[in-house]
Amino acid sequence: MPEIIALLVGGLALVGAAVAGLYLWPLGRRGLRVAPARPLDFDTAIRAAEAIIAAEAADPEIRPESRGRLLSHGSRTGRAVLLLHGYTLAPEQYAGLAEEFFDRGYNVWIPRAPQHGTVDRRAHHRVEAGELTTYAAQGWAVAAALGDEVGVVGISGGAVLAAWLAQVPGNVVRHLLLLSPFFGPNPRQAPAYAVKPLIVLYGRRVLPDRVTSRGYSLAAVTQYLTIARTLPNPPRRTGLRTAAVAISPLDAVVDLRAAVQVPRRIADANGVPLRVCALPEALGVEHNTLNLGVDGDGDGDEWRRRYVALYEGEAASASGLAGTTSIGE
């Protein structure tokens, strides 16, 4: 988002004397307070997931490769995982990692986010924070019935939703893995003092939407930032057993310090260590830390195994996570 600062300056010029009010504007939204879903049994959850996939298959507006994906062993397993994809992307982003989890005995559910994966490549510009939290809560309701011990993996904006789920009272998220979490924009793109005005001006659609050179809608990305800003502070103790983050030093999209600090506070509140893995720069991976090569590629397969190890809470020495680092402390 290289032009965010210029866009913000232009936006502030339009509102003049109201600038001070932007910093006082409350960001809480009733739409983000999702009531706990009624627990499902395994068969009901499977039917719900299959109904979603069938509805998407019948909808010509949804790309076939972008439909929700269910990887089931046919019965409730000891472990299940919910995978939440990133902004502008869709469930196929998780193809390789989902198979890795499935091969290890997990049931896996990858729902499609609202306004994503459609033939209209600009539909995601219209997504709203309330839609996203409802989507995440519904995804969790299905995943929670698929296994005895259930966790969440999220990437980028999906990582914000994963962290939000892990803090919702009543949810029993046991494992949390955040990939390139978008708790704030990279300071080179937008300094910290500019984030709240961006949320108010574009997230509340006070100003007409703008699209960055990466194809990101400011109205849309600020929906994820709104959710990030409404995470409980201090974090809640919810029964989390493992917490981990994977980031790339080459990521020009997210605030790498916030990417570690936010989940570290959640981990601390739950009395568990936060495992942090920084991918080696030699991999050439930037923001999309799932962009690890095609299935069958040796390096890609190895890193997917490492992600599962992070998720499960294995020590760096056991999992071979040579990139484990203390960034953000």
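Residues numbered from 1 in each chain as written. Predicted model: local features only at pLDDT ≥ 70, side-chain atom pairs only at ≥ 80, totals over all residues. Heavy atoms only, no water.

Chemist: Honestly, the overall build of the chain in this entry has me stumped. Any pointers?
Modeler: Within the chain, the regular secondary structure consists of eleven helices and seven strands. For the chain, buried positions account for 54% of its 329 residues. A sequence separation of at least 24 residues applies to 78% of the contacts in the chain between residues at least 6 apart. Split by element, the accessible area of the chain, about 13500 Å² in all, is 53% carbon and sulfur. (Helix = DSSP H or I, 4+ residues; strand = E, 2+ residues; numbered from the N terminus. Buried < 20%, exposed > 50% of the residue type's maximum accessible area, 1.4 Å probe, protein only. Contact = heavy atoms within 4.5 Å. Areas by Shrake-Rupley, 256 points an atom, 1.4 Å probe, with all protein chains shown as cover.)

Chemist: Help me understand the pairing of strand 4 (residues 147-155) in this model?
Modeler: Looking along a regular strand, one sees the side chains alternate between the two faces of the sheet. Where burial is concerned, most of strand 4 is hidden: seven out of the nine residues are buried. Here seven bridges tie strand 2 (residues 77-84) to strand 4, and the two strands are oriented parallel to one another. When the bridges of strand 4 are listed, T77 appears paired with G147. Where strand 4 and strand 5 (residues 175-179) come together, five bridges link them in parallel fashion. Across the sheet, residue V152 finds its bridge partner in strand 5, namely L176. Tracing the backbone out of strand 4, into helix 6 (residues 157-166) and back to the parallel element strand 5 gives a crossover that is right-handed. (Pairing = 2+ DSSP bridges. Right-handed = clockwise from strand over helix to strand, strands pointing away.)

Chemist: Please explain helix 6 as it appears in this structure.
Modeler: Spacing of three or four residues puts side chains on the same side of an α-helix, whose turn is 3.6 residues. Among the ten residues in helix 6, ten count as buried, and that is most of the element. Those residues of helix 6 lying buried are G157, G158, A159, V160, L161, A162, A163, W164, L165 and A166. Of the surrounding elements, those touching the buried residues of helix 6 are strand 2, helix 5 (129-143), strand 4, strand 5, helix 8 (218-229) and helix 9 (256-269).

Chemist: Quick question: what am I supposed to make of the packing of helix 5 against helix 8 here?
Modeler: Each pair of packed helices can be described by the angle between their axes along with the distance between the axes. Viewed as axis vectors pointing N to C, helix 5 and helix 8 meet at an angle of 65°, and their least axial separation amounts to 9 Å. Judged on the interaxial angle alone, helix 8 and helix 5 are roughly perpendicular. The chirality of how helix 5 crosses helix 8 is right-handed. Contact residues: A129, L132 and T133 in helix 5; Q223, Y224 and I227 in helix 8. Here the residues of the contact of helix 5 with helix 8 are counted per class, giving four nonpolar, two polar and no charged. (Axes fitted to C-alpha atoms, helices over the stretch in contact; angles between N-to-C directions. Parallel < 35°, antiparallel > 145°, perpendicular 65-115°, else oblique. Left-handed = near helix turned anticlockwise from the far one by under 90°. Nonpolar A, V, L, I, M, F, W, Y, C, P; charged D, E, K, R; others polar.)

Chemist: Would you explain the sheet that holds strand 6 (residues 242-247) in this entry?
Modeler: Within a sheet, each strand pairs with its neighbour through backbone hydrogen bonds, oriented either parallel or antiparallel. On the basis of which strands lie adjacent, the open sheet formed by seven strands has the order 1-3-2-4-5-6-7 and mixed pairing. Because the sheet does not close on itself, it has two edges, and the strands there are strand 1 (69-71) and strand 7 (274-278). Shown here is a sheet whose adjacent strand axes are inclined to one another by a mean of 15°, direction ignored. The strands touched by helix 5 are strand 2, strand 3 (107-110) and strand 4; relative to strand 2, the strand with the most contacts, the crossing angle is about 165°.

Chemist: Looking at this structure, I do not really get the environment of L82. What am I missing?
Modeler: By the element assignment, L82 lies in strand 2. C-alpha of L82 to C-alpha of P111: the two residues are 29 residues apart in sequence and 8.2 Å apart in space. Excluding its chain neighbours within four sequence positions, the residues that come into contact with L82 are W109, P111, A136, G139, W140, A143, G151, V152, V153 and L165.

Chemist: How should the environment of A90 be read in this particular structure?
Modeler: Examined against the element boundaries, A90 turns out to sit in the loop between strand 2 and helix 4 (95-103). For the pair A90 and R67, spaced 23 residues apart in the sequence, the C-alpha separation amounts to 7.7 Å. Setting aside its immediate chain neighbours within four residues, A90 contacts R63, S66, H85 and G117.

Chemist: I keep staring at unusual backbone geometry and nothing clicks. Help me out?
Modeler: Phi is mostly negative for residues that are not glycine, and the peptide bonds are mostly trans. Following N233, the chain continues into P234 via a peptide bond in cis, with omega recorded as 5°. When you line up the elements, P234 lands in the loop between helix 8 and strand 6. Despite not being glycine, S180 shows a phi value in the positive range, around 45°. With respect to the element layout, S180 can be found in the loop between strand 5 and helix 7 (192-203). Taking relative accessible area as the criterion, S180 reaches 0% and is therefore assigned buried. Phi angles above zero are rare outside glycine, and R205 is one such case at about 60°. Taking relative accessible area as the criterion, R205 reaches 34% and is therefore assigned partly exposed.

Chemist: Before we go on, may I ask you to explain empty space enclosed by the protein in this structure?
Modeler: Using a probe with the size of a water molecule, rolled over the atoms, empty space left in the structure can be pinpointed. Enumeration over the complete set of coordinates arrives at two cavities of 30 Å³ or more. Considering only enclosed or pocket space, the largest cavity measures out at about 60 Å³ in volume. If you go around the largest cavity, you meet ten residues; those closest to its centre are Y87, S156, F182, Y216 and V221. (1 Å grid on protein atoms, 1.4 Å probe; cavity = no way out; pocket = protein on both sides within 12 Å on 5 of 7 lines; lining within 4 Å. Points joined across faces, edges and corners; volume = space filled by probe spheres on them.)

Chemist: It is not clear to me how the pairing of strand 6 should be interpreted in this structure. Could you clarify?
Modeler: Among the six residues of strand 6, six are classified as buried, and the element is accordingly described as predominantly covered. Residues of strand 6 alternate between two faces, with T242, A244 and A246 on one and A243, V245 and I247 on the opposite face, all of them buried. Sheet analysis places strand 5 next to strand 6, joined by five bridges and oriented parallel. Bridge pairing in strand 6 places L177 opposite A244. By the bridge criterion, five bridges tie strand 6 to strand 7 in an arrangement that is parallel. When the bridges of strand 7 are listed, A246 appears paired with C277. Crossover strand 6 to strand 7 through helix 9 is right-handed.

Function cannot be read off these values alone, since they describe shape.
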